[in-house]
Protein chains: 2
Amino acid sequence: MKIALDAMGGDFAPQAAVDGAVLAAQQLAGKAQIVLIGQEEAVRPLLQQHGAAADSLAFIPATQVIAMGEHPAKAYQQKQDSSIAVGYKMLHAGEIDAFCSAGSTGAMLVGAMFSVKAVPGVLRPAIANFVPKLHGGYGIFLDVGANAECKPEMLEQFGELGSLYAQYVLGITTPKVGLMNLGEEEGKGTALLQAAHQLLKINPHIHFIGNIEGRDLFNDKADVIVCDGYTGNVMLKMAESIYDILAERHIVDPFFEKFNYEAFGGSPILGINDNAIIGHGVSTPTAICSMLLQGYQMAESGISDQIKATFKS
Amino acid sequence: MKIALDAMGGDFAPQAAVDGAVLAAQQLAGKAQIVLIGQEEAVRPLLQQHGAAADSLAFIPATQVIAMGEHPAKAYQQKQDSSIAVGYKMLHAGEIDAFCSAGSTGAMLVGAMFSVKAVPGVLRPAIANFVPKLHGGYGIFLDVGANAECKPEMLEQFGELGSLYAQYVLGITTPKVGLMNLGEEEGKGTALLQAAHQLLKINPHIHFIGNIEGRDLFNDKADVIVCDGYTGNVMLKMAESIYDILAERHIVDPFFEKFNYEAFGGSPILGINDNAIIGHGVSTPTAICSMLLQGYQMAESGISDQIKATFKS
């Protein structure tokens, strides 16, 4: 199995990317190979610094880099030899089993749609994020930013995609799916939420438990929380800020420590024909390593095949 | 000046209501009188328990109570002698200067619209909530639940209403108004957010600083945060749950202590022709007291006249 990393992606690339890749290679030894994609002159010397520890890594050159400020679609199409474009080409060709990048979120989404494409039947792929649960384990919520504007059918599908991820990657047997709303009663919320509620309720592939509220993000009511990409993004960034504030105030607590994005390293794009993960711009080597391990888990679980099978039927 | 309280509202009413009212009466002595509205047989004995401390309070009987589970509009219209209906009648008649209740949010909203009504020019009143700022003081965000579904013009008005409250009640000279979005760039977000951004940008009554993100809730970027009632409600309940989790985990910190709703006691309804505040269902005497003090501050500031003057022009 081959798990690839965009060596040029992230604020601290390529150093943090290479360091994280070496860490992941050690942890995945005998199970998967790490493939680094990036500019040869930037990546090679860093690999050499790691000596024998970097021997197991594969390197694929890509001469271009998509910067964070660039227009995603334009940059992706114009820079066909960028690390992101090369990564997606390899993913599409089946040369790698997962592709991870802490680079431009927009370019990662565009690349996914242009190369491996959305699973037939999936209206719009979504980005999922992890949320620690008070009584242990993690849940996920989606979408967190790929789709600000949603239709009821999209929210329904987010429920299905999230449920499959929770089941096959997080190992939750019958994931509880909840719809983020401003009240628990069925008739609550916007027209979008009311319609989505009805669709989720009758969807045979999921265990829908109804509406949940902002206070239920961290409790056990739902393993999978469905929301539009705007609301999910606000929740995600608010949770991140809480983590940062606690850290700044030197408050150490094992539950809140689980807010640390480094534990997962990235957010999977769900609903595409392969495994892709978008990392945080500020990714550290630890975060990069976690993202690659998650990529391995996704590939190992066969989640994208599960998604294809579900949406085929 | 007279500040009235629904003695029957809240999970711990009438006990917590009466106790809180007595606390507030002490703090407002010489400035305002507290008026308790409720069922005589329930309230009188509690007042007597306080002895001389309760002497300054006025009591107005109301034979009915609107329960939390009742349909707001139906209950309000059918129970014209309920504490909420009597309170709004007195507010409308100018017999009191502010009306506070920890009872049914829905009935408080309906009552406001049926009695004192929305300020001419205000499309939809909003409920505002307070947010502690890392560098001191508080900001507000609105709407937090009165309007799940919003139009761009409503969000624009929330910016104006919030700015006036921040200026006249919180004492912030030139409040910075931010639009909660999923990215800072101008073109970000849903069609609603994009259109609201343009309206806020050219509104002459406010100092609009642009889009902000979920991570900016607690920092100094914006004093007034504009969002639809769904998103605001999710943010509010998420913040409340963080406070509860910290308390359960015995984490004591002065910043997070400011998340405690008891400090303000309630959320003002902005955009109506008078001063009304909705308290938390679980209101303690401290929270009730804070709500009454906030009611006094609102009345004293002349905020509702400022709102009327702004929307007249």
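Definitions and limits used
Residues numbered from 1 in each chain as written. Chains lettered and ligands numbered in written order. Predicted model: local features only at pLDDT ≥ 70, side-chain atom pairs only at ≥ 80, totals over all residues. Heavy atoms only, no water. Domains from an automatic or database assignment. Contact = heavy atoms within 4.5 Å. Buried area = accessible area lost by both parts, 1.4 Å probe. Polar contact = N/O pair within 3.5 Å; in protein donor to acceptor, adjacent residues only side chain to side chain. Helix = DSSP H or I, 4+ residues; strand = E, 2+ residues; numbered from the N terminus. Nonpolar A, V, L, I, M, F, W, Y, C, P; charged D, E, K, R; others polar. Buried < 20%, exposed > 50% of the residue type's maximum accessible area, 1.4 Å probe, protein only. Pairing = 2+ DSSP bridges. Right-handed = clockwise from strand over helix to strand, strands pointing away. Salt bridge = Lys/Arg side-chain N within 4 Å of Asp/Glu carboxyl O. Core = buried A, V, L, I, M, F, W, Y, C linked by side-chain atoms within 4.5 Å. Axes fitted to C-alpha atoms, helices over the stretch in contact; angles between N-to-C directions. Expected span 1.5 Å × (residues − 1). Arc of directions from axis to C-beta.

### Some points on the domain arrangement of chain A
All names here are of chain A.
Working step 1: Taken as a whole, chain A is organised into domain 1 (1–122 + 271–313) and domain 2 (130–260).
Working step 2: A C-alpha centroid distance of 26 Å is found between domain 1 and domain 2.
Working step 3: Of the residues lining the interface, 15 residues belong to domain 1; the matching set on domain 2 comes to 11 residues.
Working step 4: Buried area between domain 1 and domain 2, summed over both chains or domains, comes out near 1,100 Å², and the portion from carbon and sulfur atoms is 70%.
Working step 5: Summed over the three residues of domain 1 that lose the most area to domain 2, namely I303, T310 and F311, the buried surface amounts to 36% of that side.
Working step 6: Connecting domain 1 to domain 2 are 4 residue pairs in polar contact (both at pLDDT 80 or more).
Working step 7: For the side of domain 1 that touches domain 2, the secondary-structure elements that each account for two or more residues are α10 (285–301) and α11 (303–312).
Working step 8: The residue makeup of the side of domain 1 that touches domain 2, split by class, is 6 nonpolar, 9 polar and no charged.

### Quick notes on the pairing of strand β7 (residues 176–180) of chain A
All names here are of chain A.
Working step 1: In terms of burial, β7 is largely enclosed, as 4 of its 5 residues are buried.
Working step 2: Two strands pair when backbone bridges link them, and β7 and strand β8 (residues 207–212) are joined in this way by 5 bridges, in the parallel orientation. Bridge pairing in β8 places M180 opposite I212.
Working step 3: Taken together, β7, helix α7 (residues 191–202) and β8 constitute a β-α-β crossover, and its handedness is right-handed.

### Overview of the environment of I245(B)
Working step 1: Among the structural elements, I245(B) can be located in helix α8 (residues 229–248).
Working step 2: Separated by 25 residues in the primary sequence, I245(B) and D220(B) place their C-alpha atoms 25 Å from one another.
Working step 3: Excluding residues within four positions of it along the chain, I245(B) makes contact with L134(A), F218(A), F255(A) and F256(A).

### Some thoughts on the interface of chain B and chain A
Working step 1: In this assembly, 39 residues from chain B lie in contact with 39 residues from chain A.
Working step 2: Across the interface of chain B and chain A, roughly 3,400 Å² is buried in total on both sides, 71% from carbon and sulfur atoms.
Working step 3: It is L182(B), Y230(B) and M238(B) that lose the most area in chain B upon contact with chain A, and together they represent 21% of the buried surface on that side.
Working step 4: At the surface where chain B touches chain A, the tally comes to 5 salt bridges.
Working step 5: Where K237(B) meets E213(A), a salt bridge forms, and the shortest distance between an N and an O atom there is 2.3 Å.
Working step 6: Counting across the chain B and chain A interface gives 10 residue pairs in polar contact (both at pLDDT 80 or more).
Working step 7: No other element matches α8(B), which puts 14 residues into the side of chain B that touches chain A.
Working step 8: Across the side of chain B that touches chain A, the residue classes break down as 22 nonpolar, 9 polar and 8 charged.

### Points about the nonpolar core
Working step 1: Core analysis: the biggest nonpolar cluster contains 231 residues, and L36(A), Y88(A), F256(A), L36(B), Y88(B) and F256(B) have the highest contact counts within it.
Working step 2: Beyond its immediate sequence surroundings of up to four residues, F256(B) is in contact with I242(A), I245(A), L246(A), R249(A), I251(A), I242(B), Y243(B) and L246(B).

### Observations concerning the sheet that holds strand β11 (residues 276–279) of chain B
Residue and element names in this part refer to chain B.
Working step 1: Reading across the sheet, the 11 strands line up as β3-β2-β1-β4-β11-β10-β5-β6-β9-β7-β8 and stay open at both edges, with mixed pairing between neighbours. Taken across any chain shown, the strands that pair with only one partner, and hence form the sheet edges, are β3 (58–61) and β8 (207–212). Averaged over all neighbouring strand pairs, the angle between strand axes comes to 25°, with direction disregarded.
Working step 2: With 4 bridges joining them, strand β10 (residues 266–270) and β11 adopt antiparallel strand pairing. Within the sheet, the bridge partner assigned to I269 lies in β11 and is A276.
Working step 3: Where helix α1 (residues 15–27) meets the sheet, it contacts β1 (2–6) and β2 (33–38), and its direction lies at approximately 165° from that of β2.

### Topic: helix α7 (residues 191–202) of chain B
Working step 1: With 12 residues, α7(B) extends 17 Å between its outermost C-alpha atoms, agreeing within 8% with the 16 Å of an ideal straight helix rising 1.5 Å per residue.
Working step 2: Inspection of α7(B) places L193(B), A196(B), H197(B) and L200(B) among the buried residues, and these make up the whole buried set. The arc enclosing the buried residues of α7(B), seen along the axis, measures out at 110°, which places them on a common side.
Working step 3: Tucked into the core, α7(B) has its buried residues touching α8 (229–248) of chain A together with α6 (152–168), β7 (176–180) and β8 of chain B.

### Some points on the pairing of strand β11 (residues 276–279) of chain A
All names here are of chain A.
Working step 1: Along β11, one buried face is formed by A276 and I278 and the opposite face, lined by I277 and G279, is buried too.
Working step 2: Looking at chain direction, strand β4 (residues 98–101) and β11 are connected through 3 bridges and run parallel. The partner of F99 across the bridge, within β11, is A276.
Working step 3: In terms of strand pairing, strand β10 (residues 266–270) meets β11 through 3 bridges, oriented antiparallel. Directly across from S267, in β11, lies its bridge partner I278.
Working step 4: What sits between β10 and β11 in their antiparallel hairpin is a turn of 5 residues, with G271 showing a positive phi close to 105°.

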